[in-house]
Amino acid sequence: MEERDPNIIHSGLSRTVTVQGASVEVKIYRLEHDPKWAMEVVNENGTSTVWDNLFDTDDEALQAFQLALDEEGIDAFLDRSNVIEFPKRH
C-alpha cells in the first residue's frame, strides 16, 4: 500500500498584511490529522519566518502574529535589518 502525504488544511484567517507600504503573507495551516496549527510569515522577497511552537487554534496563531507586529513592527519580517551596507569607495 502506497503511503500518501497528508493534506494541508489552510486557515481562513491566513491573509496578506500591509503596513507602511510593506506587505507580508501570513500563512496559518495544519496537517489534516494534526489539531495544532503552524504559522509562517513570508515577505515580498520570499523570506520566511516560522514560529517554532504550534497553536491550539488558528485564532491563537493570528494573535501571536499581531502581538509580534505590535511589539516589533513590520521590519521584523523584512530583509532590511539583514542588509549590511559596504563602505563606498571614492
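Note that the structure is a prediction, hence the values are computed from the model and not measured.

## Thoughts on the packing of aromatic side chains
So, step 1. Summed over all chains, the structure comprises 2 aromatic pairs.
So, step 2. A ring pair is formed by tryptophan 51 and phenylalanine 77, whose centres lie 6.1 Å apart and whose planes are at 25°; its orientation type is stacked. With tryptophan 51 in the loop between β5 (48-50) and α1 (58-72) and phenylalanine 77 in the segment after α1, this pair connects stretches of sequence that are 26 residues apart.
So, step 3. For the ring pair phenylalanine 65 and phenylalanine 77, a centre distance of 5.5 Å and an interplane angle of 40° mean the geometry is tilted. Highlighted residues: phenylalanine 65 in helix α1 and phenylalanine 77 in the segment after α1, separated in sequence by 12 residues.
So, step 4. A network of ring pairs unites the aromatic residues Trp51, Phe65 and Phe77 as a single cluster.

## Structural notes on the environment of glycine 21
So, step 1. Looking at the secondary structure, you find glycine 21 in the loop between β2 (15-19) and β3 (22-31).
So, step 2. Residue class for glycine 21 comes out exposed when judged on its relative accessible area of 65%.

## Considerations on α1
So, step 1. Taking 1.5 Å as the rise per residue, α1 with 15 residues should run 21 Å; its terminal C-alpha atoms sit 21 Å apart, in good agreement.
So, step 2. Among all positions of α1, only Asp58, Ala61, Leu62, Ala64, Phe65, Ala68 and Leu69 are buried. Axial view of α1: buried residues confined to an arc of 155°, hence all on one face. The exposed residues of α1 that point more than 90 degrees off its buried face are Asp70 and Glu71.
So, step 3. Each element contacted by the buried residues of α1 is listed here: β2, β3 and β4 (38-43).
So, step 4. At the C-terminal side of α1, glycine 73 shows a positive phi close to 85°.

What counts, and at which threshold
Residues numbered from 1 in each chain as written. Predicted model: local features only at pLDDT ≥ 70, side-chain atom pairs only at ≥ 80, totals over all residues. Heavy atoms only, no water. Phe/Tyr/Trp six-rings, centres within 6.5 Å; stacked < 30°, edge-to-face > 60°. Helix = DSSP H or I, 4+ residues; strand = E, 2+ residues; numbered from the N terminus. Buried < 20%, exposed > 50% of the residue type's maximum accessible area, 1.4 Å probe, protein only. Expected span 1.5 Å × (residues − 1). Arc of directions from axis to C-beta. Contact = heavy atoms within 4.5 Å.

None of this, on its own, says anything about what the molecule does.
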